[in-house]
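# Residue-level structure breakdown
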Amino acid sequence: MEQKTREKSYKQMLWISMISMTMMFAGLTSAYVVSKGREDWVSFDLPGSFYISTILIVLSSISFVLAKRALMSGSQSKTTLLLAVTLLLGLGFVFFQFSGFNELIDAGLYTTGPQSNVASSFLYVITATHLLHIFVGILVLAWVLFRNIRGKYSPESHLGMSLSAIFWHFVDALWIYLFIFFYFIR
């Protein structure tokens, strides 16, 4: 019974954290929409690297689902491989996000300083805040991968992997929301 209570508590804490993160991003995107009415608002296209990073994060969620299925079928080696793929795709997402920041700078769009504008500053702040959550997800993924290599997960005992999968899918869905938001609300 104690294990079930522990699992329920951890899941509740994770959901409360994700709800608070959702509220934070709702506030940031709401402020973006309100600021869009300013006279000094500058519209711009999203960097091409953001499109690539979006594909990578979606693929990472798919590989994580496959990793969990492999675990539930008892294949530790396949689980390890798919977790490693998920981690690499997550790192690829981060790489292309920073590449996108470089594209914005090359286009003359800065976060701060005399050449900055409200629109690009919002984009940097919101995407950098999302990246912070991705970094946490990557650390958790690395930990889950390490624990799986050591044989700590099984079809009967996989709480850490399940919680990390929920969080990873959350940051994936959050990025998709942000990408669509920035794509249509310029």
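Before any of the text, the structure's been laid out above.
Each chain has its residues counted from 1, following the order in which its sequence is written. Owing to the predicted nature of the model, reporting of local features is limited to residues with pLDDT of at least 70; listing and counting of side-chain atom pairs is limited to 80 or more, with chain, interface and lining totals taken over all residues. Water and hydrogen atoms play no part in the side-chain values, which are based on all heavy atoms of the structure.

### A look at the environment of Ile105
Just so we agree on the cut-off: Strands here mean DSSP runs of E at least two residues long; helices mean DSSP runs of H or I at least four residues long; both are numbered from the N terminus. Burial status follows relative accessibility: with a 1.4 Å probe on protein chains alone, a residue under 20% of its type maximum counts as buried, one over 50% as exposed, and anything between as partly exposed. Throughout, a residue-residue contact means that at least one pair of heavy atoms, one from each residue, lies within 4.5 Å.
Positionally, Ile105 belongs in helix α3 (residues 76-106). Ile105 sits in the partly exposed class, given a relative accessible area of 37%. A sequence separation of 95 residues divides Ile105 from Tyr10, and the C-alpha atoms of the two residues are 41 Å apart. Beyond its immediate chain neighbours, meaning those up to four positions away, Ile105 contacts Tyr110 and Tyr124.

### Description of the side chain of His158
One can find His158 in the loop between α4 (118-149) and α5 (159-184). Given the relative accessible area of 18%, His158 is considered buried. In this view, His158 contacts Lys68, Leu71, Met72 and Tyr153; residues no more than four positions away in its chain are not counted.

### Notes on the packing of aromatic side chains
Any two aromatic rings considered together are summarised by their centre-to-centre distance and by the angle between their planes. Our working rule: Only Phe, Tyr and Trp rings are paired, with Trp represented by its six-membered ring, and only when their centres lie within 6.5 Å; those with planes under 30 degrees apart are stacked, over 60 edge-to-face, the remainder tilted.
Evaluation of the coordinates by the stated rule reveals 19 aromatic pairs. Here Tyr32 and Trp41 contribute two aromatic rings whose centre-to-centre distance is 4.9 Å and whose plane-to-plane angle is 85 degrees, an arrangement assigned as edge-to-face. Both residues of the pair, Tyr32 and Trp41, count as buried. Ring geometry for Phe50 versus Trp175: centroids 5.6 Å apart, planes at 85 degrees, classification edge-to-face. With a gap of 125 residues between them, Phe50 in helix α2 (residues 48-72) and Trp175 in helix α5 connect regions that are remote in the sequence. In terms of burial, Phe50 and Trp175 fall into one category: buried. Cluster of aromatic residues (ring-pair linked, three or more members): Phe50, Tyr51, Phe93, Phe98, Phe101, Tyr124, Trp175, Phe179, Tyr183 and Phe184.

### Let's talk about the nonpolar core
Cut-off, in case you're wondering: In these notes, a set of buried Ala, Val, Leu, Ile, Met, Phe, Trp, Tyr and Cys residues joined through side-chain atoms within 4.5 Å is what counts as a nonpolar core.
One finds Leu83, Ile134, Trp168 and Phe182 to be the most contacted residues of the largest nonpolar core, which totals 49 residues. Not counting residues within four places of it along the chain, the set of residues in contact with Leu83 comprises Phe64, Ala67, Leu141, Val144, Leu145, Asn148 and Met161.

### As for the environment of Pro47
Take Pro47: it is sitting in the loop between α1 (2-35) and α2. The class of Pro47 is buried, set by a relative accessible area of 5%. A sequence separation of 54 residues divides Pro47 from Phe101, and the C-alpha atoms of the two residues are 7.8 Å apart. Once residues lying within four places of it in the same chain are set aside, the contact partners of Pro47 are Gly100, Glu103 and Leu104.

### Focus on the packing of α2 against α4
Operational definition: Fitting a line to C-alpha atoms yields each axis, with helices limited to the stretch in contact; the angle taken between N-to-C directions then spans 0 to 180 degrees. An angle counts as roughly parallel when it lies under 35 degrees, as roughly antiparallel when it exceeds 145, as roughly perpendicular when it falls between 65 and 115, and as oblique in every other case. Throughout, a crossing is termed right-handed when the near helix is turned clockwise from the far one, and left-handed when it is turned anticlockwise from it by less than a right angle. Any residue that is not Ala, Val, Leu, Ile, Met, Phe, Trp, Tyr, Cys, Pro, Asp, Glu, Lys or Arg is counted as polar, Gly included; the first ten are nonpolar and the last four charged.
Taken N-terminus to C-terminus, the directions of α2 and α4 make an angle of 25 degrees; their axes are 13 Å apart at the nearest point. By the angle class used here, α2 and α4 are roughly parallel. Two packed elements cross with a definite hand, and for α2 against α4 that hand is left-handed. Each of Phe50, Ile57, Phe64 and Leu71 in α2 lies in contact with α4, whose residues at this interface are Leu123, Thr127, Ile134, Leu141 and Asn148. Considering only residue class, the contact of α2 with α4 consists of seven nonpolar, two polar and no charged.

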